Amino acid sequence: MLFVTLLALVSPTVSTHTAAPALVVRQERSVRDRFVELHAANDEAGCKKLWLDNRHEVLYTIDADLEGALATWEKSKAKPDSAAIATMQARALWGARLASEAFGHPIFLDYTSAFVSQNDAQKAQFRAGQKTHGESRQAMKAGDWKKAQEKARECIGNAAPLGDWWGHAMGLSALGAAFVGDKKPAEAIQPLGEAALIYRDLGLVGDEYGELRLLARCLVDTGAKERAKAVIARAIELAKLLGDDKGASELSELAKSL
């Protein structure tokens, strides 16, 4: 059953850093709009509260400026709109610093400062990482698990040296899923576990949940009962948070097998 349901269980990350968040609370104004307003007013306390109230939207909100600045540069490399790029990057750094302070975790500022620090060659390397992640997912859909593993490793190789934590996690996720598809659950455990931890730090709850569901089954298959219990417990917690009653029920049944 593990291998038959693989593609349904793999977290729905895509080859860019602009996917819609998995957990969204409907509000009169978007978190993004409120963030822009708070930055304009230099309201640090207000921004920290915004982050604490919307943990799972922080990275998407900040990344809109990072990807926006990169896209602006790509449109006209010969004469880019330096003022617009500087504005977006400064706002992203401001928000990331406050997020790291609010949550007591350096990953938001580390990721953002690394992104802003990219030179021209590294910007191309960043895009290459996104491209190879997409190629890995396409190979999985075609059932070409060896190619999927190869492309996932390329994604990791491009993202990790850049401090691109999000891309790094996406590469690890793809590698773990490709191992699962190749009927190698033992090899899948490390990349899936690492991806889940990075996603948790970044507040990407839907992606963390997807990794934990795959990881739990790999741990059960390899006889790692105590770790499987711990992973299943965390996955059930996220299933309830995301409103996935069916997933929570399946995980509970899996726990009973231990």
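Residues take numbers from 1 onward in each chain, read along the sequence in its written order. This being a predicted model, a pLDDT of at least 70 is required before a residue's local features are given, and a value of 80 or more before pairs of side-chain atoms are given or counted; all residues contribute to the totals for chains, interfaces and linings. The basis for every side-chain value is the complete set of heavy atoms in the structure, and neither hydrogens nor water enter the calculation.

Draft legend 1. Quick peek at the overall build of the chain. Within the chain one finds 13 helices and zero strands. Secondary structure elements follow DSSP: runs of H or I of four or more residues count as helices, runs of E of two or more count as strands, with numbering from the N terminus. Along its sequence from the N terminus, the chain presents helices and strands in the succession α-α-α-α-α-α-α-α-α-α-α-α-α. Counting only residues that meet the buried cut, the chain has 48% of its 258 residues in that class. For the chain, contacts bridging at least 24 residues in sequence account for 69% of all contacts bridging at least 6. Per-residue and other accessible areas were derived by the Shrake-Rupley procedure at a 1.4 Å probe size, with only the shown protein chains allowed to occlude residues. Of the accessible surface of the chain, which amounts to about 11,900 Å², a share of 54% is contributed by carbon and sulfur atoms. For every residue, the accessible area (1.4 Å probe, protein chains only) is compared with the maximum for its type, and the residue is labelled buried under 20%, exposed over 50%, or partly exposed between those bounds. Here, two residues are considered to be in contact whenever any of their heavy atoms come within 4.5 Å of each other.

Draft legend 2. Geometry of the environment of Arg 137. Along the chain, Arg 137 turns up in helix 7 (residues 120-141). In sequence terms Arg 137 and Ala 178 are 41 residues apart; their C-alpha atoms lie 8.7 Å from each other.

Draft legend 3. Expanded view of the packing of aromatic side chains. Pairing of aromatic rings covers Phe, Tyr and Trp, the last counted by its six-membered ring, and requires centre-to-centre distances within 6.5 Å; plane angles under 30 degrees mean stacked, over 60 mean edge-to-face, and any other angle means tilted. Considering all chains together, one arrives at six aromatic pairs under this definition. For the ring pair Phe 35 and Trp 94, a centre distance of 6.0 Å and an interplane angle of 35 degrees mean the geometry is tilted. Here Phe 35 is found in helix 2 (residues 31-40), whereas its partner Trp 94 is found in helix 5 (residues 82-103), with 59 residues between them in sequence. A single burial state applies to Phe 35 and to Trp 94, both of which are buried. Pairing Tyr 111 with Phe 115 gives two aromatic rings, centres 6.2 Å apart and planes at 75 degrees, and the pair type is edge-to-face. Pair noted here: Tyr 111 and Phe 115 are both in helix 6 (residues 107-116), with a separation of four residues, about one helical turn. Each member of the pair Tyr 111 and Phe 115 is classed as buried. A connected cluster of aromatic rings, assembled from ring pairs, spans Phe 35, Trp 51 and Trp 94. For Arg 55, the ring lying beneath its charged end belongs to Phe 103, and the centroid distance is 4.6 Å. Consider the ring centre and the ring normal. A charge sits over the ring if Lys NZ or Arg CZ is within 6 Å of that centre and within 35 degrees of that normal. Over the ring of Trp 73 we find Lys 123, and its NZ or CZ is 4.1 Å from the ring centre.

Draft legend 4. Up close: the pattern of salt bridges. Salt bridge, as used here, is a side-chain nitrogen of Lys or Arg placed within 4 Å of a carboxyl oxygen of Asp or Glu. Counted according to the given criterion, the structure contains 19 salt bridges. Across the salt bridge formed by Lys 151 and Glu 154, the nearest N and O atoms sit 3.6 Å from each other. Residue Lys 151 and its partner Glu 154 are both found in helix 8 (residues 145-159); the two are separated by three residues, about one turn of the helix. Between Lys 256 and Glu 253 there is a salt bridge; the shortest N-O distance is 3.1 Å. With Lys 256 and Glu 253 both in helix 13 (residues 245-256), this residue pair falls three residues apart, about one helical turn.

Draft legend 5. Structural detail: the packing of helix 2 against helix 4 (residues 58-75). Axis angles are defined between N-to-C directions and span 0 to 180 degrees, where every axis is a line fitted to C-alpha atoms and, for a helix, only to the segment in contact. Two elements in contact, helix 2 and helix 4, have axes whose closest approach is 9 Å; the angle formed by their N-to-C orientations is 70 degrees. Relative to helix 4, helix 2 is oriented roughly perpendicular. Helix 4 is crossed by helix 2, and the crossing has right-handed handedness. Listed contacts from helix 4 to Val 31, Arg 32 and Phe 35 of helix 2 are Thr 61, Ala 64 and Asp 65. Should an angle fall under 35 degrees it is taken as roughly parallel, and over 145 as roughly antiparallel, whereas 65 to 115 is taken as roughly perpendicular and any remaining angle as oblique. Each crossing gets its hand from how the near helix is turned against the far one by less than a right angle, where anticlockwise is left-handed and clockwise is right-handed.

Draft legend 6. Main features of helix 3 (residues 44-53). Within helix 3, burial applies to Gly 46, Cys 47, Leu 50 and Trp 51. Projected down its long axis, helix 3 carries its buried residues within an arc of 140 degrees, all on one side. Turned more than 90 degrees from where helix 3 packs its buried face, Ala 45 and Lys 49 sit exposed. Where helix 3 is buried, its residues meet helix 2, helix 4 and helix 5. Pairing of N or O atoms within 3.5 Å defines a polar contact, subject to two protein rules: one partner must be a possible hydrogen donor and the other a possible acceptor, and residues neighboring in sequence count only if both atoms are side-chain atoms. The backbone nitrogen of Ala 45 lies 3.5 Å from a side-chain oxygen of the residue at the head of helix 3, namely Asp 43. This arc is built from the directions going out from the helix axis to the C-beta atoms.

Draft legend 7. Spotlight on the packing of helix 3 against helix 5. For the pair helix 3 and helix 5, the least separation of the axes is 9 Å and the interaxial angle reads 65 degrees. By the criterion of interaxial angle, the relationship of helix 3 to helix 5 is roughly perpendicular. For the pair helix 3 and helix 5, the sense of crossing is right-handed. Where helix 3 abuts helix 5, its residues Glu 44, Cys 47, Lys 48, Trp 51 and Leu 52 lie against Trp 94, Gly 95, Arg 97, Leu 98, Ala 99, Glu 101, Ala 102 and Phe 103. Amino acids are sorted into nonpolar (Ala, Val, Leu, Ile, Met, Phe, Trp, Tyr, Cys and Pro), charged (Asp, Glu, Lys and Arg) and polar (every other residue, Gly among them). Here the contact of helix 3 with helix 5 is composed, by residue class, of eight nonpolar, one polar and four charged.

The analysis is restricted to geometry; functional conclusions fall outside its scope.
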